Amino acid sequence: MAGAVVGMGSIEERLKALIEDYRPARLLIVGDLVHDRSVAQEASALTGRLGESCETIVIAGNHDRQLGSEVRFLDSWESERFHFHHGHCAAETAGKIQIIGHHHPAATLRDGAGLHLKYPALVQTDGCWILPAFSPWSAGTAWKPSPASRVWICTPTRVFPLQAREPASA
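The rules behind the values
Residues numbered from 1 in each chain as written. Predicted model: local features only at pLDDT ≥ 70, side-chain atom pairs only at ≥ 80, totals over all residues. Heavy atoms only, no water. Helix = DSSP H or I, 4+ residues; strand = E, 2+ residues; numbered from the N terminus. Rg over C-alpha atoms; globule rule 2.2 N^0.38 Å. Buried < 20%, exposed > 50% of the residue type's maximum accessible area, 1.4 Å probe, protein only. Salt bridge = Lys/Arg side-chain N within 4 Å of Asp/Glu carboxyl O. Pairing = 2+ DSSP bridges.

(A) Representation of the overall build of the chain. Broken down by element type, the chain carries two helices and 11 strands. Along the chain, helices (α) and strands (β) appear in the sequence α-β-α-β-β-β-β-β-β-β-β-β-β when read from the amino end. For the chain, the C-alpha radius of gyration of 17 Å lies close to 15 Å, the compact-globule estimate for 170 residues. Along the three orthogonal principal directions, the C-alpha set of the chain runs to about 60 × 40 × 30 Å. Residues counted as buried form 36% of the 170 residues belonging to the chain.

(B) Representation of the pattern of salt bridges in the model. Tallied over the full model, the rule gives four salt bridges. Across the pair Glu55 and Arg26 runs a salt bridge, and its minimum N-O distance is 3.1 Å. Note that Glu55 is positioned in strand S2 (residues 55-58) and Arg26 in strand S1 (residues 26-29), a separation of 29 residues in sequence. With relative accessibility at 41%, the residue Glu55 sits in the partly exposed group.

(C) Seen up close, the pairing of strand S10 (residues 150-154). With four of five residues buried, S10 lies mostly within the body of the structure. Inspection of the sheet shows strand S7 (residues 116-124) paired to S10 by four bridges, in the antiparallel sense. In the sheet register, Leu122 faces S10, and the bridge partner there is Trp152. Relative to strand S11 (residues 159-162), S10 runs antiparallel, the two sharing four bridges. When the bridges of S11 are listed, Val151 appears paired with Leu162.

(D) A look at the pairing of strand S6 (residues 105-110). One ladder, built from two bridges, connects S6 with strand S9 (residues 141-142); its direction is parallel. Within S9, the position partnered with Ala106 by the bridge is Ala142. Judged from the five bridges that link them, S6 and S7 form a sheet pairing that is antiparallel. In the strand pairing of S7, Arg110 is matched with His116. Hairpin remark: S6 followed by S7, antiparallel, with five residues in the connecting loop; positive phi at Gly112, about 90°.

This is the structure:
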């Protein structure tokens, strides 16, 4: 439990720094605010504190459903162009771009000499954007770019595109 609480503190520090830098009117959390019920009270307190800085909307993820009434969750939220939902089940979006978080994409950078670093990644397709994991306890799922998608590597200091590699010719 102590590790989970430490993780929640890290999330709060990073979110507060981003809110201070960008001053958004609204913060949307697209699910998996927690990994399990052990930090239910901390999650509730966190959303309350974040709500003091901007409107905070929390969409339920598959891990969050254990929290019951501790945190006020929505199933989804829409703007004019986007439909936000967790993404562990299909959603009808009426032509809007889906913004989801369920898959926790990641990309690995390699230097050719054996060093490799794994980072969260944003994946874009025409109708769906898959957000990188924000929590420190989500290792991320390896995601390779394809002709139908773009992958953006999210390092602590920079975001840049991961280029799809051409297949080696025989």
